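Listed here are the chains, written in short residue letters.
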Amino acid sequence: MSHSDDVPGRARVGETDELTAYYDRLGAHDAGALWTVANDIEPWYPQPKSVPVHWSYERLRPLVLESLDLVKADDAGRRVVMLVNPGRKDVSAAVGMLYTGLQIMGPGESMTAHRHQAAALRFVVEGQGAWTVVDGQKLAVGPGDFAITPNWTWHEHGNEGTDAPVIWQDGLDIPLVNAHDAGFYEVHPALHQEPGRIVNSSLLTHGAGTLRPYGFDDGWTKPYSPLLAYPWERSYAALLDAAKATEGSPYDGIMLEYSNPLTGGSVMPTMGAHLQLLRAGEATRAHRHTGSVVYNVAKGRGHSVIAGRRFDWKQGDIFCVPSWAWHEHANDDGGDDAVLFSFNDFPVMRSLAFWREESHPDNDGHQPAA
């Protein structure tokens with residue numbers, strides 16, 4: 001298919017002195033001519049401002065640790081080193097309309113409670129003793145655990161450990177919320193919540209996987225998962241079990257979605273999350289889709305080719321795939337598996353009927369890598 005704009009059906013009006021004067025007169029009334037911008041605002045295919053980026057955890061970690069001595073938690077609200085895409089500095093996004101950052105909490109430290117319109121999620125990178133309280137439910141989380149903070153839920157965080165900091169990855173839809181001028185923020189009137197008596201009560205109630213509590217769904221009308229924390233051990237074991245039964249996807253390996261146990265849908269209306277396993281030496285084929293993705297290397301080492309560029313990664317690293325960018329992944333370890341955690345805006349793409357996906361047609365499904 002031709003993507004030339006010099007064809008019938010596309011805007012191809014030439015410039016004249018009369019038109020320039022006409023545009024000036026329109027501008028005086030805060031108006032304009034659609035044909036001057038039509039091809040830019042209605043592209044043939046997605047033209048993301050975001051670019052592929054790889055953030056090395058080895059290089060960032062010392063800077064994250066340094067912030068412990070430079071900024072007090074109470075002054076910062078949350079002590080976070082945000083990861084910003086060079087093409088999305090205008091909205092502080094990591095990719096597309098997704099924000100991410102590395103939050104650090106020192107031993108014995110706790111943050112005050114607040115809530116906001118943006119939905120949030122957490123993926124623990126390192127440290128023992130991390131906790132969060134979401135609408136009164138206290139969650140204890142450790143490395144590799146995934147937790148959600150749905151929009152407008154009260155939440156606060158802390159580190160009960162005594163000898164080392166906790167670092168986790170935050171993911172939020174702040175840019176999406178702000179693009180719709182829908183942002184709200186509120187500090188808890190008591191600064192802290194009174195947590196319930198049972199720690200990880202949502203996991204105890206809804207974490208069986210193949211079993212769900214009878215009758216509970218009759219009273220659950222919220223648009224997000226009642227299960228708020230997903231432990232690494234169970235999630236990784238599920239990947240290994242799936243790998244025994246299926247070859248998985250040629251584009252993503254063995255990939256499972258963190259889901260709402262009552263509906264089977266995504267954990268939240270605006271963001272979804274996955275955990276995927278690449279077998280020893282496995283290399284996937286390239287595909288592309290609408291929707292942006294932020295990855296965190298949970299285990300192993302390898303590389304990804306994104307929009308023709310190769311990015312080598314290892315445990316703790318974070319990288320992103322912009323919407324409609326060709327991408328493929330490879331496990332560079334021939335003796336052990338690799339695991340990638342990721343979060344995305346796929347629920348938005350699907351709910352708005354924007355989802356589209358296609359596989360790479362050439363070179364046996366692989367891109368040439370620079």
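## Some details on the overall build of the protein
(1) Moving on: When helices and strands are tallied, the protein shows eight helices and 22 strands.
(2) Moving on: Rg of the C-alpha trace for the protein: 23 Å, near the compact-globule value of 21 Å for 370 residues, within the 12% margin.
(3) Moving on: When each of the 370 residues of the protein is scored for burial, the buried share is 48%.
(4) Moving on: Relative to all contacts within the protein whose residues are 6 or more apart in sequence, the contacts with residues 24 or more apart total 76%.
(5) Moving on: For the protein, the accessible area works out to roughly 18,200 Å², and carbon and sulfur atoms hold 52% of it.
(6) Moving on: With 29 positive and 47 negative side-chain charges, the protein shows a spacing of 2 Å between the two charge centroids.

## Here's the deal with the nonpolar core
(1) Moving on: Residues Phe146 and Phe341 are the most contacted members of the largest nonpolar core, which totals 54 residues.
(2) Moving on: Excluding its chain neighbours within four sequence positions, the residues that come into contact with phenylalanine 341 are Leu121, Phe123, Phe146, Gln169, Tyr258, Ala273, His274, Leu275, Val294, Tyr295, Asn296 and Ala298.
(3) Moving on: Val297, Ile306, Ala325 and Leu340 belong to the second-largest nonpolar core, a separate cluster that totals 13 residues.

## What about the environment of glycine 215?
(1) Moving on: Along the polypeptide, glycine 215 turns up in the loop between helix H6 (201-206) and strand S12 (229-230).
(2) Moving on: When the C-alpha positions of glycine 215 and histidine 192 are compared, they lie 32 Å apart, and in sequence the two are 23 residues distant.

## Quick notes on the pairing of strand S14 (residues 272-278)
(1) Moving on: Burial within S14 is extensive, with seven of its seven residues counted as buried.
(2) Moving on: Side-chain alternation along S14 places Gly272, His274, Gln276 and Leu278 on one buried face and Ala273, Leu275 and Leu277 on a second face that is also buried.
(3) Moving on: Across four bridges, the pairing between strand S13 (residues 254-257) and S14 is antiparallel. Opposite leucine 256, over in S14, you have leucine 275 as the bridge partner.

## Some thoughts on the packing of aromatic side chains
(1) Moving on: Taken as a whole and judged by the stated rule, the model has 14 aromatic pairs.
(2) Moving on: Seen in terms of ring centroids, tyrosine 22 and tyrosine 23 are 6.2 Å apart; in terms of plane orientation they differ by 50 degrees. Their pairing is tilted.
(3) Moving on: Among the residues examined, tyrosine 22 registers a relative accessible area of 33% and is labelled partly exposed.
(4) Moving on: Tyrosine 23 gets classed as buried once you look at its relative accessible area, which sits at 18%.
(5) Moving on: What links up through ring pairs into an aromatic cluster is the set Phe123, Phe146, Tyr230, Tyr258 and Phe341.
(6) Moving on: Positioned over the ring face of tryptophan 131 is lysine 138, at 5.4 Å from the centre of the ring.
(7) Moving on: In this structure, arginine 350 is placed above the aromatic ring of tryptophan 355, and the distance from its NZ or CZ to the ring centre is 4.2 Å.

## Focus on helix H1 (residues 17-27)
(1) Moving on: Within the sequence span of H1, burial applies to Leu19, Tyr23 and Leu26. Seen from one end, H1 has its buried residues packed into an arc of 60 degrees, which puts them on one side. Along H1, exposed side chains directed more than 90 degrees from the buried face belong to Asp17, Glu18, Asp24 and Arg25.

## A word on the pattern of salt bridges
Pairs can form between side chains of opposite charge once their charged atoms are near each other.
(1) Moving on: Across all of its chains, the model carries 16 salt bridges by this definition.
(2) Moving on: For arginine 288, the salt bridge goes to glutamate 358, with nearest N and O atoms at 2.6 Å. Linking arginine 288 in strand S15 (residues 287-289) with glutamate 358 in strand S22 (residues 357-359), this pair joins segments that are 70 residues apart in sequence.
(3) Moving on: A residue is classified by how much of its surface remains accessible, and arginine 288, at 18% relative accessible area, is buried.
(4) Moving on: Classification of glutamate 358 as partly exposed rests on a relative accessible area of 31%.
(5) Moving on: A salt bridge links lysine 299 to aspartate 336; the shortest N-O distance between them is 3.1 Å. Residue lysine 299 is located in strand S16 (residues 293-299), and its partner aspartate 336 is located in the loop between strand S20 (327-331) and strand S21 (338-344); the two are separated by 37 residues in the primary sequence.
(6) Moving on: One salt-bridge network, held together by shared partners, links Lys299, Asp336 and Asp337.

## Some thoughts on the sheet that holds S13
(1) Moving on: Across the sheet, six strands lie side by side as S1-S19-S16-S21-S14-S13; this open sheet has antiparallel pairing. Each end of this open sheet is capped by a strand with a single partner; those strands are strand S1 (53-55) and S13. Each adjacent strand pair in this sheet contributes to an overall mean axis angle of 25 degrees, direction not counted.
(2) Moving on: Alignment of S16 against strand S19 (residues 318-321), held across four bridges, turns out to be antiparallel. When the bridges of S19 are listed, valine 294 appears paired with cysteine 320.
(3) Moving on: Relative to S14, helix H7 (residues 232-245) is tilted by about 55 degrees, and along the sheet it contacts S13, S14, S16 and S21.

## Some points on the sheet that holds strand S5 (residues 120-126)
(1) Moving on: Ordered by their spatial adjacency, six strands build an open sheet running S2-S3-S10-S5-S8-S12, and the pairing between neighbours is antiparallel. In this open sheet, the two edge strands, each paired with only one partner strand, are strand S2 (80-83) and S12.
(2) Moving on: Pairing geometry for S5 and strand S10 (residues 166-172), over six bridges, is antiparallel. If you follow valine 124 over to S10, its bridge partner there is tryptophan 168.
(3) Moving on: This element, helix H3 (residues 57-70), spans S2, strand S3 (99-105), S5 and S10 of the sheet and lies at about 55 degrees to S3.

The rules behind each value
Residues numbered from 1 in each chain as written. Predicted model: local features only at pLDDT ≥ 70, side-chain atom pairs only at ≥ 80, totals over all residues. Heavy atoms only, no water. Helix = DSSP H or I, 4+ residues; strand = E, 2+ residues; numbered from the N terminus. Rg over C-alpha atoms; globule rule 2.2 N^0.38 Å. Buried < 20%, exposed > 50% of the residue type's maximum accessible area, 1.4 Å probe, protein only. Contact = heavy atoms within 4.5 Å. Areas by Shrake-Rupley, 256 points an atom, 1.4 Å probe, with all protein chains shown as cover. Lys, Arg positive; Asp, Glu negative; His and termini not counted. Charge placed at Lys NZ, Arg CZ, Asp CG, Glu CD. Core = buried A, V, L, I, M, F, W, Y, C linked by side-chain atoms within 4.5 Å. Pairing = 2+ DSSP bridges. Phe/Tyr/Trp six-rings, centres within 6.5 Å; stacked < 30°, edge-to-face > 60°. Lys NZ or Arg CZ within 6 Å of the ring centre and 35° of its normal. Arc of directions from axis to C-beta. Salt bridge = Lys/Arg side-chain N within 4 Å of Asp/Glu carboxyl O. Axes fitted to C-alpha atoms, helices over the stretch in contact; angles between N-to-C directions.

As far as function goes, none of this settles anything; it's purely spatial.
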